Amino acid sequence: MRGVLDRIARAGHPPMHALGPDQARRAYEAGAGVLDIPPHRLARADDLSVTARDGANLPARLFAPASTDPLPVLLYFHGGGFTVGSVATHEPLCRHLAHLAHCAVLSVDYRLAPDWKFPTAVHDAWDSLVWLRQNAAALGLDPARIAIGGDSAGGTLAAVSAIAARDAGWTLALQLLFYPGCAGHQDTPGHKTFAQGFLLEEPHISYFFGHYLRSPADRDDWRFAPLDGVDEHGHVRELDGLAPAWIGLAECDPLTDEGVMYADRMRMAGVAVDLDIYAGVVHGFIQFGRAIPQALQCHNDAARALRQAFR
């Protein structure tokens, strides 16, 4: 991992927080596949359009292996601080999960900041789940076996959507969360320990949240901070009755402490949680499969959780 970080530093690219949002997206797109695994071939890779509540059409892509029976499906939200990233940047991961878990993966391009501030991404994530439930059968998918997942900011959207699904009385098979953001304020010890030199640095986090949030008050909204945010009545959201969760964290990541705290809160509420912390790796490592063996181990662990949840 240190070797990867050294090579990234030697490349000499300007830090993302020094770029405008459009430049940052282009830079992220250009670098996303450098250390990632080659895209796995699948029987299906269908471009779709998800309709949001305001009539917007959200691009999406369905990845699926060949099957004569309706497939279970993972609804996936990419990471990128609510500001960068896309279906394309996370396609190798989604294809690999579909292959390993023998399920479909629907990856959605929710709208990004700063053009679309909080809570647009939250609404787009929820509307994607509504759309998937309505259209699953027509797509050859099993509407009774839907999991929800994402990495980093996408993990936040998945966790929040799982709470909303619980509130709606909808059953999800699994929450699949790779190093999700969970807390409203970056004040855990890990945010200090890993603030510099571990890929996701404090200036990046401030940059992303500065583009995404409308005001400091949004930090205390549960839809941004499922761990400790509050609802309109000032109450922290209860987590009982949520779908079971698999959480994969990186040891050297500012977000790890809050991920552990969220896992603990769910466990205290009676939710079944599997938590894996991958030693010596940094935020974003699941897209470093060419260079970091823990990335492929994490893919396999996540796929195993999906297979068990879909049985």
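One can find the structure itself at the top, above this paragraph.
A brief structural summary. Along each chain, numbering runs from 1 in the same order as the chain's sequence is written. Local features in a predicted model are, by the rule used here, given only for residues with pLDDT of at least 70; side-chain atom pairs are given and counted only at 80 or more, and totals for whole chains, interfaces and linings are based on all residues. Only hydrogens and water are set aside when side-chain values are computed; all heavy atoms of the structure are taken into account.

**Notes on the pairing of strand E6 (residues 175-178)**
Point 1. The rule is simple: take the accessible area with a 1.4 Å probe, protein chains only, and divide by the maximum for that residue type; under 20% is buried, over 50% is exposed, in between is partly exposed. Counting from the N terminus, the helices are the DSSP runs of H or I reaching at least four residues and the strands are the DSSP runs of E reaching at least two. Taking every second residue as pointing to the same face, both faces of E6 are buried, with Gln 175 and Leu 177 on one and Leu 176 and Phe 178 on the other.
Point 2. The sheet contact formed by strand E5 (residues 141-151) and E6 spans four bridges and is parallel. By the bridge assignment for E6, Asp 151 is matched with Phe 178.
Point 3. For the handedness criterion, the strands are oriented away from the viewer, and a crossover whose path from the first strand over the helix to the second runs clockwise is classed as right-handed. With respect to chirality, the unit in which E5 leads through helix H5 (residues 153-168) into the neighbouring parallel E6 is right-handed.
Point 4. Here, strands pair whenever DSSP counts at least two bridges between them. In the sheet, E6 pairs with strand E7 (residues 245-252) via four bridges, with the strands oriented parallel. Residue pairing across strands places Leu 176 opposite Trp 246, the latter belonging to E7.

**A word on the side chain of Glu 201**
Point 1. When you line up the elements, Glu 201 lands in the loop between helix H6 (189-193) and helix H7 (202-212).
Point 2. Under the convention used here, Asp and Glu are negative, Lys and Arg are positive, and both His and the chain ends fall outside the count. Only one rule defines a salt bridge in this text: a Lys or Arg side-chain nitrogen within 4 Å of an Asp or Glu carboxyl oxygen. Although Glu 201 is buried, it makes no salt bridge; Arg 2 carries the closest opposite charge, 8.4 Å away.
Point 3. Filtering out sequence-adjacent residues up to four positions away, Glu 201 remains in contact with Ala 195 and Gln 196. Whether two residues touch is decided by their heavy atoms; if any such pair falls within 4.5 Å, the residues are in contact.

**Some remarks on the packing of aromatic side chains**
Point 1. Put simply, two rings from Phe, Tyr or Trp (the six-membered ring, in Trp's case) pair if the centres are within 6.5 Å, and we call them stacked under 30 degrees between planes, edge-to-face over 60, tilted for the rest. The full count for this structure, using the stated rule, is twelve aromatic pairs.
Point 2. Residues Phe 77 and Tyr 110 carry aromatic rings whose centres are separated by 6.4 Å and whose planes lie at 75 degrees to one another, so their mutual orientation is edge-to-face. Of this pair, Phe 77 sits in strand E3 (residues 71-77) while Tyr 110 sits in the loop between strand E4 (104-108) and helix H4 (120-135), and the two are 33 residues apart along the sequence. Across the pair, exposure class does not vary: Phe 77 and Tyr 110 are buried alike.
Point 3. Taken together, a centroid distance of 3.9 Å and an interplanar angle of 5 degrees make the contact between Phe 82 and Tyr 212 stacked. Note that Phe 82 is positioned in the loop between E3 and helix H3 (91-101) and Tyr 212 in helix H7, a separation of 130 residues in sequence.
Point 4. Taken together, the ring pairs connect Phe 82, Phe 118, Phe 209, Tyr 212 and Phe 224 into an aromatic cluster.
Point 5. Charge over a ring is defined by NZ of Lys or CZ of Arg lying within 6 Å of the ring centre and within 35 degrees of the ring normal. Stacked on the ring of Trp 170, the Lys or Arg Arg 133 has its end atom at 3.8 Å from the ring centre.
Point 6. Over the aromatic face of Trp 222 sits the side chain of Arg 237, whose NZ or CZ is 4.7 Å from the ring centroid.

**Considerations on unusual backbone geometry**
Point 1. The peptide bond linking Ala 113 to Pro 114 adopts the cis configuration, its omega dihedral lying at 0 degrees.
Point 2. Here Pro 114 shows up in the loop between E4 and H4.
Point 3. The omega angle of the peptide bond from Phe 118 to Pro 119 is 5 degrees, so this bond is cis rather than trans.
Point 4. Within the secondary structure, Pro 119 is located in the loop between E4 and H4.
Point 5. Even without a glycine there, the phi angle at Tyr 179 is positive, about 30 degrees.
Point 6. As for its position among the elements, Tyr 179 is in the loop between E6 and H6.

**A short note on the nonpolar core**
Point 1. Buried Ala, Val, Leu, Ile, Met, Phe, Trp, Tyr and Cys residues form a nonpolar core when they are joined through side-chain atoms within 4.5 Å. In this structure, Phe 178 and Phe 285 are the most contacted members of the largest nonpolar core, which totals 112 residues.
Point 2. Sorting elements by how many residues they give to this core places H5 first, with nine residues.
Point 3. In this structure Phe 285 touches Tyr 179, Leu 249, Ala 250, Tyr 278, Gln 294, Ala 295 and Cys 298, once residues within four positions along its chain are discounted.

**Some remarks on the sheet that holds E5**
Point 1. Taken in spatial order, the eight strands of this open sheet run E1-E2-E4-E3-E5-E6-E7-E8, and their pairing is mixed. Both edges of this open sheet fall to strand E1 (44-51) and strand E8 (273-282), since each of them pairs with a single strand only. Each strand axis lies, on average, 20 degrees off the axis of its neighbour in the sheet, ignoring direction.
Point 2. In the sheet, E7 pairs with E8 via seven bridges, with the strands oriented parallel. Its bridge partner being in E8, Trp 246 is matched across the sheet by Asp 274. Only the stretch in contact is used when a helix axis is fitted, and all axes are lines through C-alpha atoms; the angle between N-to-C directions ranges over 0 to 180 degrees.

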